[in-house]
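Each chain, letter by letter, is given below.
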Amino acid sequence: MAACSKRLDKFIVSLRLLRNLQLQNERFLSTSLCRWAPGNDSEPPKFIPPSKPVIIDKTQAVATLRKFLSPEFIPPRQRTNPLKFSMERKDMIRRRKILNVPEFYPGSILAVSMADPNATGKINRFVGICIQRGGKGLGATFVLRNIINQQGVEICYELYNPRIQKIEVLKLEKRLDDNLMYLRDALPEYSTVDPDMKPVPFPPTGEVPLNELKVKMRPKPWSKRWERPKFNIQGIHFDLCLVPKQMEHAQKWAQPWQEYDMLKEYDTSKLEQQILSEVQQEMSK
Amino acid sequence: MAAWSCRFLLQRGPRLISPRAAAESPVQLVGCVRTTMPWQRHEWTEGSRRVGLVAVKLGMAPIWTKTGEKHAVTMLQVQDCHVIKCLPKEEYDGHTAALVVGGKNVSPFHRSEHYMEMFRNAGVPPKQKITTFKVSDNAIIKPGTPLYAAHFRPGQYVDVTAKSIGKGFQGVMKRWGFKGQPASHGQTKTHRRPGASGPGGDPAKVFKGKKMPGRMGNIYVTAFGLKIWRVNTKYNVLYVNGSVPGHRNCVLKIRDTVLPTRGSTLLSPPFPTYFTEDEGDLAEDLYDDDLFIHTEPSLTLT
């Protein structure tokens, strides 16, 4: 028995050596492609340098590398004194200096730790997909959805609630819509998020990845008639659940004149730039 | 606004107003105050009432307490609040003295001469709203003194009076909360009507004051016992608990509570009012003890 195992060891070791050799050969092949190519003896092979390593500056805060203004900073179109919004903004910035609120969009997967007197260890951690971001100013909220033990759970968190200890973004991505309430009527696999999910690293610069997933729905009736144009949903695979006749019938509720209504226009670009520069200035102090 | 109007008139030509009238017109807030001696300031005694303020409703915002509960507060800004006239006991009603206070500067162009007269005497720009506050004799203040938000302190209770939002001519269900009639089961054209208007043949009349449809809103309503959570001395903003009658940017009257269980005997609010030279510079924000301030670390409920 012992003799067999020794020979087996030697065999395994030799196998390993062969595998290493193979790997080495592959590495050599990638950098010097033209070495084994026939009929290239006249010129020496062109030297292709290895790819440069990307240096990510981890000392600088990740948030500042991408220009993002949280939507609750933009004031609604109302006849309110701008002083009220500026005072609320000051409070929001004070809170953001204590609690780091990362950049996220509806469709990203978040984990929120909140102080709870009834929870074990006094801290309650919930992981879910963000389906909606609502509210302006200090009352801004976001709703996280997850399916736990085959039961759908949605929790609405207030961004500036002092009981929130930590907000982590496990996966940063955007979806085709701003409001993913239709996930309530979609198949449960689209709302399930693993509670022990590891954070997916995302680059601090560049575009936020857009997930062009078209969701499959449960059979009708749904909680809302998502096919109607007022919801303007791009993220549902309507071809699988609706007949073209039903889609045409839904178009009867279309209001194509709203796009041309000038009184409904609210151009926030200048306001956004001004508020973004103000917020960045205050946060860096 | 008043400064602009005076400059505009002078530019148009001196013939429109005489230079003497221009010099007398109440443009500057500080420079034009009469150079007579300030009035005597008395100490607070049991049963003395002090003056209130006139403020503008900015909007509402959430706040959190140190135990993690959320409350809604209304932000009221004290804009250009001045004492305009002092009515001693004999002039007002024979029992209590009164102080006329005005808030929120407004242009003098659309106001009558009679209205402008009292502001001219006080040396103060014309105001949008003037109210009378019943005040005890030891709390009278010289006309022309500015009143600030620091007059109230966090933890105090106030009453806020304002004109409620006008709803126009409204039916009996919205105006008085009547139940109306059922929507179906044979009701003929009767779903939101008042129904009966009183007893039958004995009085044979409808009593005065019967609740009927009519104009609703745009009347003075007072909200009692509102707690002050926070006072911002830089912008003169009061954070008052709950909601307050009136629309955004409406002018309100704030005074100390009349409720006996919410008296401010424990705190010592400034009497007769907050003077900068007396108490010196306060911190920019004054907070109530129970309020969570956003510069503190997150709450850990243990």
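Going by an unreviewed UniProt entry, chain B carries the name Large ribosomal subunit protein uL3m and comes from Amphiprion percula.

Looking up chain A in an unreviewed UniProt entry gives the name Large ribosomal subunit protein bL19m, with the organism given as Amphiprion percula. According to the UniProt record, the Subcellular location (unreviewed entry) comment for chain A is "Mitochondrion". Its UniProt record gives chain A a comment under Sequence similarities (unreviewed entry), which states: "Belongs to the bacterial ribosomal protein bL19 family."

Asks: Help me out: how do you make sense of the sheet that holds strand E3 (residues 141-148) of chain A in this one?
Replies: Sheet strands associate in pairs through backbone hydrogen bonding, adopting either a parallel or an antiparallel arrangement. Residue and element names in this part refer to chain A. The strand order E4-E3-E2-E1-E5 describes an open sheet built from five strands, whose pairing is antiparallel. Two strands in the sheet have a free side with no partner beyond their single neighbour: strand E4 (151-158) and strand E5 (164-171). Across the sheet, the mean angle separating the axes of adjacent strands is 35 degrees when strand polarity is ignored. Across six bridges, the pairing between strand E1 (residues 109-115) and E5 is antiparallel. If you follow Ser113 over to E5, its bridge partner there is Lys166.

Asks: Help me out: how do you make sense of the pattern of salt bridges in this one?
Replies: Between side chains of opposite charge, a pair can form when the charged atoms approach closely. Inspection of the entire model under this criterion finds 24 salt bridges over all chains. Each member of the salt-bridge network shares a partner with another, and the members are A:Asp91, A:Arg94, B:Arg230 and B:Asp285.

Asks: How do you make sense of the packing of aromatic side chains when you look at a structure like this?
Replies: The geometry of an aromatic ring pair is captured by two quantities: the separation of the ring centres and the angle between the planes. Applying the stated criterion across every chain, the model contains seven aromatic pairs over all chains. Seen in terms of ring centroids, A:Tyr182 and A:Trp226 are 6.3 Å apart; in terms of plane orientation they differ by 75 degrees. Their pairing is edge-to-face. With A:Tyr182 in the loop between strand E6 (174-175) and strand E7 (210-211) and A:Trp226 in the loop between E7 and helix H3 (238-241), this residue pair connects regions lying 44 residues apart in the sequence. By relative accessible area, which is 1% here, A:Tyr182 ends up buried. For A:Trp226, a relative accessible area of 7% gives the class buried. Among the aromatic residues, those joined into a ring-pair cluster are A:Phe104, A:Phe142 and A:Tyr157. Directly above the ring of B:Phe275 sits B:Arg41, whose terminal nitrogen or CZ lies 3.7 Å from the centroid.

The rules behind the values
Counting restarts for each chain, with residues numbered from 1 along the sequence as it is written. To label them, take the chains in the order written and letter them from A, then take the ligands in the order written and number them from 1. Selection of residues for local features in this predicted model requires a pLDDT of at least 70, selection of side-chain atom pairs for listing and counting requires 80 or more, and totals for whole chains, interfaces and linings are taken over all residues. Side-chain measures were taken over the full set of non-hydrogen atoms in the model, leaving aside hydrogen atoms and water. UniProt positions are given in the numbering used here, feature names are shortened, and annotations may be inferred rather than shown by experiment. At least two DSSP bridges between two strands are required for those strands to pair. Only runs of H or I of at least four residues qualify as helices and only runs of E of at least two qualify as strands under DSSP, and these elements are numbered from the N terminus. To define axes, lines are fitted to C-alpha atoms, for helices over the stretch in contact only, and angles between the resulting N-to-C directions are given on a 0 to 180 degree scale. One speaks of a salt bridge when a side-chain nitrogen belonging to Lys or Arg is within 4 Å of a carboxyl oxygen belonging to Asp or Glu. Each aromatic pair joins two rings of Phe, Tyr and Trp (for Trp, the six-membered one) with centres within 6.5 Å, and gets the label stacked for planes under 30 degrees apart, edge-to-face for over 60, and tilted for any other angle. Exposed residues in this analysis have more than 50% of their type's maximum accessible area, buried residues have under 20%, and partly exposed residues fall in between, with area computed by a 1.4 Å probe over protein chains only. We count a charge as sitting over a ring when the NZ of a lysine or the CZ of an arginine lies within 6 Å of the ring centre and within 35 degrees of the ring normal.

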